[in-house]
Structures are given as C-alpha cells and as structure tokens.
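A structural walkthrough
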Amino acid sequence: MKTAIATLILTLSSLLSAQNQQMWVFIQEDQTHLGAPALSDAAMQRRVNQGIALSATDFPLNPMDVKRIASTGVKIRCSSRWLRAVSVIGTKEQMQRIAAMDRVIDMKPVAHLQLMDGTMSYNYGLATPQTQQIDMQYMHNAGYEGQGIHIAVMDAGFTGVEMHAAFTSMWSQSRLLYVHDFVDGDSNVFHGSGHGTAVLSTMCADLDATLVGTAPKASYSLFRTEDVASETLAEEDNWIRAAEWADSLGADLINTSLGYSTFDDSTNNHSYADMDGRTTPISIAANMAARKGIIVVVAAGNEGGGAWRHITAPADADSILTAGAVDGNGLRAGFSSQGPTSDGRIKPDLATMGAGSAVINSAGQVTTSNGTSFSSPILCGAMATVLQAVIANQSSYDIQSIMQSVKNVSSHASQPDTLMGWGIPNFHLVLLNILGLDESTSLPSWWFSEGLAGLWLQRTHVDADIVVERLSIDGRNLARYHLPQGQAKLLLENMPAQSVLRLSNAITGQVDILPLPANPFH
C-alpha cells in the first residue's frame, strides 16, 4: 500500500506545477455507507422500465470521505456519484496530502470543454430540408412529437429563450421543467451565450411555416455548464454534475454540443490514444448516463478539416450516439470530425444536417449555421420521438437496442464507415420496420401506463385544460382532477372498483369517456 501511495505522489509531482490545481480525487469507499439513492420517482421508473438494477453509482458519496478531503483546506467544487470522485481546487501541498490518504486511489486533472460552434449566417419553414432529410415528418404525422419525453440540454447559455416566440409553447405549456446554471450557481441560464439557444431551437422551436424542431412537444431541462466569456473555459465537472442531475430528475435523453479541449497545463493534454471511451472522466460519465438508461447524443466535433481530424471526448464513449454532420444533399461536411476511436470502434454513429442548419439565434431571428453542434440536437429530438413511440407501445424497452435499430435502417447501414458511421437515419423506416406502425397508426389521444406510483392517464395533445371526473359504474362521482394545459399525464388514485373517466375540455366542451379496468393496480 505504501508503495502504491508513493507512486501516486510521484506521478502527481509533474501535474502540480502551478500554485493552484483543479483535480478529480477518486475514492475507494466503504460500501456500507450508501444512504438513500439520489433519484426521483421518474428516475426510478426509467430504471424499472429498462430492467436496470440500482448500483453504488446511484448513491451519494460517503460524506465522511468528502469531509476528510475538505479538511486539507482544498475547495470542494463538486462530487460525482458516477465517478465516485470529488472535484477540488488546491495547492500542490494540499494535493500531496490528499494523495497520501489511505482510500484515495487516483487523481486526475479536470479537463476543459469547448463549444462545437459554427458561424450563424406543421410547415417546417426553413427547417424543411433538415427535417425531410431524415423523414421526421412521418413521426410527427403519426402523433410522435416528443410528448411526455424529458430532454436535458447542456450548453454555454440560452440567451433569448425566455422571450422569443419560437419557445412560447414550451413556456405556456409548462414544458420547461428545470434550469440550473452550474457556472454561477443559480437558476438563470438565459445569458452567457446564444449557442444553447440555437441548439435548443432545432429540437424545441414551434413556429409553423417558419421553423419547427424535431421534438416540438417534448419537455426540457436547460443546464448552463460553461462560461464562454472567461479566459478559462468551463470545467468538465460542471458537465458531469449536470448529467447526474439529469439522471436524478428522470431525464430520458441528454444532448450536448460540447467537446474536450485542453487542460490548464498543456503538458497534460489528452492524446488520440485517450479517445477510447474509457479514459477521460467526461466520457466515463457519458457511458454511465447510458447505463442508467439515458440516451446520450453528442456532437462529433468540428475538427474534420484540421490537423486533429478525430472526434473528441465525450464523443468517443461507446454506449452513446455520436452525431456527425452532412449538408442538404447528404454529403459529409468537411469540418465533421471523424473516427475511429483509438480502440478501433466506428464513430460517428449517425449523421444529420449540420451544414446550413436552420436555427433561432439569440436575437430571435431564423438563420442558418454550421457545426455538428446542430447535427446532435436534430438527432436527439428525433430519438425522443422514437422513445415516445416505444414507451407508448411497449411496457419495457432497452435503449441500446433502440439505438442499434435506428442505425440498422440508416443510409450506410450495409457498410458503416468512420466518416458518417451508419449514415443518415430514416425515421419513416423506423416507424414502419422497427415500431410496426405507419402514419395512419397514430398515437391515441388518451392512454394508460403503469408506473411505480400507480396508474397514469396520459395524453397526446397538451394544449387544453381538462377536467377529469372519475365515476362509478352507477354514475357516482368518485374523484375530480384537473389536468392543466401543458401537462401530459395525471396520476390516478388507487380505487379497486371498476370505474370510468369523463374527460371534459374546458374550452371546447368536448367530452371523452374512458373506461378503467377493474383492477388497474397490482
């Protein structure tokens, strides 16, 4: 043990040349101190639906271990339950004291991230080419527009999202679920950059005949994870914290258009050999999110025309979807980063329109932009509609099978390569071949789904207030509920007797009658 500690301290000596360093501290924990899982009901339900067992990474770190590290005088930035590590800032001497602790098994510098940025230059309007290129209109026509699906977006800021018309329906229908600024430590994410605004618009925008995104009815959480105004770009620990929040809050998908760049000390920059999906903390975290049942979609990067050429972390992670870029003619964009990973896996996985993508900028204007930053959310929104369709038609599912099925009906499926992966996805074929549906087999207006808490009443269209009355078979009123505009589902009380629901539209007066099974709960 002493030899191992001495080796760790010696290894750290080359990393700790500056006065203050930011490091990940990895801990060997006592597994008897797990406490309660850091998961919401939605997060637990996602695990149940996919048959994912709880593990140590669902529980917070042992607070005593964190306290021991803090006792050295370092500043604790955050802790990661997925990495089983703490992000700290401190001096060389403080880091050496931490390295000598008996349960500290490794220490790594915290990396910086960079935006996969580009230049800014149901009638889908300007978004018609990027929508029809992947045949998304068929999913939308069948009623799959992302209703009830939760997408977490990590970016540098969402300037203008709070005021522009493209996002009005998200606000009015209460589909913006959570926001948090991990840079400033508050809840204002609507500043700092318009990059996230443009990214979000490719999924969320709902301006008929102007610009409609790939998941215009989904719910969103917005996390600001970096500060582009700073000389020091935001750290990967913000991204990892945001990903863990997304898991705890029950997000179904994560989109990120960020990529790994450099360390503070350039001598610690990662090499291509590190792009194996198992080396950088951010790629480890992206894989962990996937293992928790979250579909993670990441921009491949814009390094295809430069000396580096390759994808960057976390696009090298093995259980996620990495999005490359094509133009409106389906040809690979020259800037789109390419694979393979250093361990020989094909990346990117899929390609969508990232050259000339239609977006909303921070001024609320419809414009076009270039970058895999926009390929990623176009794909993420599309995957949200696929997941919606799967959940509506199946009681359980596996995200890896879903992702592979989409790849299997893409343009390069017979011969995937390291430039476009499996190619341009075809969501009409997904609807027909994978889901066994077509446009005429549309999502019903109302349906039931079982969860851990009981039976949920769910709906396709969320643009009206609904009064829900539960009646016995002899007409007695058993319960009365309100389903407000924007809310997609309602939890029903456990009542063993057979009953019916009377659903009244508060605006139009339309009434639907929905029978409940005799024993819906078990």
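One can find the structure itself at the top, above this paragraph.
I will try to describe carefully the structure that is included in this document. Quantities reported herein were computed from a predicted structural model and do not represent experimental measurements.

Counted residue by residue, helix H8 (residues 195–204) has 10 buried out of 10 residues, so it is predominantly covered. Listing the buried residues of H8 in full gives His195, Gly196, Thr197, Ala198, Val199, Leu200, Ser201, Thr202, Met203 and Cys204.

In this section: the sheet that holds strand E15 (residues 350–353). Judged by pairing direction, the sheet is parallel, and its seven strands sit side by side in the order E7-E10-E6-E11-E13-E14-E15 without closing on themselves. Here the strands that pair on one side only, and so sit at the sheet edges, are strand E7 (176–181) and E15. Geometrically, the sheet is characterised by an average inter-axis angle of 25° between neighbouring strands, direction not taken into account. In the sheet, strand E14 (residues 321–326) pairs with E15 via four bridges, with the strands oriented parallel. Within E15, the position partnered with Ala325 by the bridge is Thr352. Docked against the sheet, helix H11 (residues 372–393) engages strand E6 (150–155), strand E11 (253–256), strand E13 (295–299), E14 and E15, running at close to 125° with respect to E14.

What follows concerns the pattern of salt bridges. The final tally for this structure, using the stated rule, is 20 salt bridges. Arg47 is the salt-bridge partner of Asp247, the closest N and O atoms lying 2.9 Å from each other. Here Asp247 and Arg47 have matching classes, each one buried. Residues joined by salt bridges that share partners form a network here, namely Arg46, Arg47, Asp58, Arg81, Asp247 and Lys292.

About the criteria used
In this convention, every chain numbers its residues from 1, walking through the sequence in written order. Local features in this predicted model are restricted to residues of pLDDT 70 or higher, and side-chain atom pairs are both shown and tallied only at a pLDDT of 80 or more, whereas totals for entire chains, interfaces and linings draw on every residue. Side-chain calculation: all heavy atoms of the structure are included, whereas hydrogens and water are not. A 1.4 Å probe rolled over the protein chains alone gives each residue an accessible area, and that area as a share of the maximum for its type sets the label: buried under 20%, exposed over 50%, partly exposed in between. The secondary structure listing takes helices from DSSP runs of H or I that are at least 4 residues long and strands from runs of E that are at least 2 residues long, numbered from the N terminus. Paired strands are those between which DSSP finds at least two bridges. Throughout, an axis means a line fitted to C-alpha atoms (over the contacting stretch in the case of helices), and angles, computed between N-to-C directions, take values from 0 to 180 degrees. Contacts are assigned to residue pairs with any non-hydrogen atoms lying within 4.5 Å of each other. Counted as salt bridges are all cases of a side-chain nitrogen of Lys or Arg within 4 Å of a carboxyl oxygen of Asp or Glu.

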